[in-house]
Amino acid sequence: MTKLTPIFIDGKKWIQLSQLSVEQARLIKYWLPISSLRKVLFQGIELTDCLDFETYDFWFRTNQVTNDNQVLLDF
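The structure presented is a predicted model; accordingly, all values stated were derived computationally and were not measured.

Cut-offs and rules
Residues numbered from 1 in each chain as written. Predicted model: local features only at pLDDT ≥ 70, side-chain atom pairs only at ≥ 80, totals over all residues. Heavy atoms only, no water. Helix = DSSP H or I, 4+ residues; strand = E, 2+ residues; numbered from the N terminus. Buried < 20%, exposed > 50% of the residue type's maximum accessible area, 1.4 Å probe, protein only. Areas by Shrake-Rupley, 256 points an atom, 1.4 Å probe, with all protein chains shown as cover. Pairing = 2+ DSSP bridges. Axes fitted to C-alpha atoms, helices over the stretch in contact; angles between N-to-C directions. pLDDT = per-residue confidence, 0-100. Contact = heavy atoms within 4.5 Å. Salt bridge = Lys/Arg side-chain N within 4 Å of Asp/Glu carboxyl O.

Q: Could you give me a rundown of the overall build of the protein chain, with the residues and numbers involved?
A: Counting its regular elements, the protein chain contains two helices and four strands. Shown N-terminal to C-terminal, the secondary structure of the protein chain runs as helices and strands in the order β-β-α-β-β-α. Within the protein chain, buried positions represent 33% of all 75 residues. For the protein chain, the computed accessible surface area is about 5500 Å², with 58% contributed by carbon and sulfur atoms.

So, in structure tokens, the structure goes:
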């Protein structure tokens, strides 16, 4: 699984769910409360599917550990 690099907007780190693979976006949307997504204005464009990077990073690390453990169990 590839980890996204955050974008910096107004001193905060964000990721856009639309930058994830379809499967990753589905998994994180299932895990997140819908209120976690934010609209962020970036260079005059409203990004409607933003998530703070810290939440994404936690999800990514948790999901990666789960997947790694599953691979070991399948071995």
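Next comes the rest of the description.
Q: Please provide a residue-by-residue account of the sheet that holds strand β2 (residues 12-16), values included.
A: To summarise the sheet geometry, strands pair through backbone hydrogen bonds and adopt either a parallel or an antiparallel arrangement. Taking strand neighbours across the sheet as the criterion, the four strands line up as β1-β2-β4-β3 in an open arrangement whose pairing is antiparallel. Strands with a single pairing partner mark the edges of an open sheet, and in this sheet they are β1 (7-9) and β3 (38-42). Here the strands of the sheet are splayed against their neighbours by 60 degrees on average, with no regard to which way each runs. Summarising the sheet, β1 and β2 pair through three bridges and their orientation is antiparallel. Bridging from a neighbouring strand, Ile-7 pairs with Trp-14 of β2.

Q: Outline the confidence of the model for the protein chain, listing residues and values.
A: Confidence in the prediction for the protein chain averages 85 pLDDT; 85% of positions are at 70 or higher. Mean pLDDT across the elements of the protein chain ranges from a minimum in helix α2 (residues 53-74), with 72, to a maximum in β2, with 96. Within the model, the stretch residues 68-75 combines pLDDT values under 50 with zero contacts to residues more than four positions away or in other chains.

Q: Pulling in residues and values, what's your account of the pattern of salt bridges?
A: Taken as a whole and assessed by the stated rule, the structure comprises three salt bridges. A salt bridge links Asp-57 to Lys-3; the shortest N-O distance between them is 2.3 Å. Highlighted residues: Asp-57 in helix α2 and Lys-3 in the segment before β1, separated in sequence by 54 residues. For Lys-3, a relative accessible area of 35% gives the class partly exposed. With a shortest N-O distance of 2.5 Å, Glu-23 and Arg-26 are connected by a salt bridge.

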